[in-house]
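# Overview (structure and organization)
Now for the letters of each chain:
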Amino acid sequence: MTAPFFEIGPKNLLRRPELEELARAAGEAGRELGVAVVITVPNVMVAPIAELDTGVLVFGQSMDPDRLGASFGRVTAEGLLDAGAVGVMLNHDADPLDAATLAATVDRAHETGLETIVCAGTESAALAFTALAPSAVLIEPPDLIGTIGGAERDWVRPLTEEMHRVDAHVLAMHAGGVSSPIVARGIMAAGADGTGSTSGVLTAQDPLVAAVHFIAAARAGWDDARSNARL
């Protein structure tokens, strides 16, 4: 996964045909615009969406730190990898992990070559999780989740810079309340490596068109940030 990137997290809101349509539209937009597009799908949908080969990066929604063995009902890194996942999202607000389990799960994912996006609700957590060397840390303040999120996010640039000082290889993703392409563009223009949206895409009148607009906004904001840096 590289910057700029945009993540769509459909949770358990869509059935397979709708996920397939979304993956096709997002993958095409990502290729045309030079944006890495992540779709974080229910684990049982990893294989069918990955097999479409649309160009999106298919992430699972959870993983256990277990190694291959006699466990039952657990999601192993090898299982996700064999299903076609590129990576996994960990410590989502709806599925939190304790510190020891999170660290162990990140390590297991990386042992198999899976990428990781680790969710953080605070700046201190974002910095602590950056030290685990995941592929990306998603900073999503709880009070912004599900909101229109139009207020200025003055923490994006300084926190991103601080994270990069901890580990320059960890991408900084800022989200929560990304209700419109305008919000997405502003986040990227402020220096984020990536952003994403669930409700902004899925509650739109036409989610497929909305996905394209969000991905284009992420690209435009990334370009804005590069242009401003040259001034």
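The following refers to the structure shown. (Residues numbered from 1 in each chain as written. Predicted model: local features only at pLDDT ≥ 70, side-chain atom pairs only at ≥ 80, totals over all residues. Heavy atoms only, no water.)

Per the secondary structure count, the protein includes nine helices and eight strands. The C-alpha extent of the protein, read off along each of the three principal axes, is 55 × 40 × 30 Å. Burial analysis of the protein (231 residues in total) assigns 50% to the buried set. Residue pairs at least 24 apart in sequence account for 65% of intrachain contacts in the protein once pairs closer than 6 positions are excluded. Total accessible area computed for the protein in this model is approximately 10,500 Å², and 53% of it derives from carbon and sulfur atoms. If the 15 positive side-chain charges of the protein are averaged to one point and the 30 negative ones to another, these points end up 4 Å apart. (Helix = DSSP H or I, 4+ residues; strand = E, 2+ residues; numbered from the N terminus. Buried < 20%, exposed > 50% of the residue type's maximum accessible area, 1.4 Å probe, protein only. Contact = heavy atoms within 4.5 Å. Areas by Shrake-Rupley, 256 points an atom, 1.4 Å probe, with all protein chains shown as cover. Lys, Arg positive; Asp, Glu negative; His and termini not counted. Charge placed at Lys NZ, Arg CZ, Asp CG, Glu CD.)

A large share of strand E5 (residues 115-120) lies buried, amounting to six of its six residues. On E5, burial covers both faces: Glu115, Ile117 and Cys119 on one face and Thr116, Val118 and Ala120 on the other are all buried. Alignment of strand E4 (residues 87-90) against E5, held across four bridges, turns out to be parallel. What sits directly across from Gly87, in E5, is Glu115. Crossover E4 to E5 through helix H4 (residues 99-112) is right-handed. Relative to strand E6 (residues 136-139), E5 runs parallel, the two being bridged by four bridges. (Pairing = 2+ DSSP bridges. Right-handed = clockwise from strand over helix to strand, strands pointing away.)

Our next topic: H4. When the terminal C-alpha atoms of H4 are compared, their 21 Å separation across 14 residues agrees well with the 20 Å that a helix rising 1.5 Å per residue should span. Looking at H4, one finds that the buried residues are Leu102, Thr105, Val106, Arg108, Ala109 and Thr112. End-on, the buried residues of H4 take up no more than an arc of 165°, which puts them together on one face. Exposed residues lying more than 90 degrees from the buried face of H4 are Ala99 and Ala100. If you follow the buried residues of H4, they end up packed against helix H3 (77-83), E4, E5 and helix H5 (123-130). Backbone nitrogen of Ala100 and a side-chain oxygen of the N-cap are separated by 3.1 Å at the start of H4; the cap is Asp98. (Expected span 1.5 Å × (residues − 1). Arc of directions from axis to C-beta. Polar contact = N/O pair within 3.5 Å; in protein donor to acceptor, adjacent residues only side chain to side chain.)

The next point concerns the packing of H5 against helix H6 (residues 156-166). Following both chains from N to C, one finds H5 and H6 inclined at 25°, their axes separated by 9 Å at the closest point. Considered as vectors, H5 and H6 are oriented roughly parallel to each other. As for how H5 packs across H6, the hand of that crossing is right-handed. Two secondary-structure elements touch here, H5 through Glu123, Ala126, Leu127 and Thr130 and H6 through Leu159, Glu162, Met163 and Val166. Taken together, the residues that form the contact of H5 with H6 break down as five nonpolar, one polar and two charged. (Axes fitted to C-alpha atoms, helices over the stretch in contact; angles between N-to-C directions. Parallel < 35°, antiparallel > 145°, perpendicular 65-115°, else oblique. Left-handed = near helix turned anticlockwise from the far one by under 90°. Nonpolar A, V, L, I, M, F, W, Y, C, P; charged D, E, K, R; others polar.)

Quick look at H5 now. Regarding H5, the residues found buried are Ala125, Ala126, Phe129 and Thr130. Within H5, the buried residues cover an arc of 135° as seen down the axis, which keeps them to one side. Considering only its buried residues, H5 is in contact with H4, E5, E6 and H6.

Once that is clear, we can look at the nonpolar core. Counting 67 residues, the largest nonpolar core has Met1, Phe6, Val41, Met63, Ile117 and Val137 as the members making the most contacts within it. Top element by residues in this core is helix H9 (residues 207-230). It accounts for six residues. Excluding its chain neighbours within four sequence positions, the residues that come into contact with Met63 are Val75, Thr76, Ala77, Leu80, Val88, Leu90, Thr105, Arg108, Ala109 and Leu114. (Core = buried A, V, L, I, M, F, W, Y, C linked by side-chain atoms within 4.5 Å.)

Further remarks concern the packing of aromatic side chains. With the rule as written, the count across this model stands at one aromatic pair. Plain terms: the ring middles of Phe6 and Phe214 are 5.8 Å apart, the flat faces sit at 35° to each other, and that makes the pair tilted. With Phe6 in strand E1 (residues 5-8) and Phe214 in helix H9, the pair connects residues that are 208 residues apart, well separated along the chain. Across the pair, Phe214 and Phe6 agree in class, each one buried. It is Arg226 that lies over the ring of Trp222; its NZ or CZ is 3.7 Å from the centre. (Phe/Tyr/Trp six-rings, centres within 6.5 Å; stacked < 30°, edge-to-face > 60°. Lys NZ or Arg CZ within 6 Å of the ring centre and 35° of its normal.)

This brings us to the environment of Glu18. Structurally, Glu18 is set in helix H1 (residues 16-33). Separated by 190 residues in sequence, Glu18 and Leu208 have C-alpha atoms that sit 9.5 Å apart.

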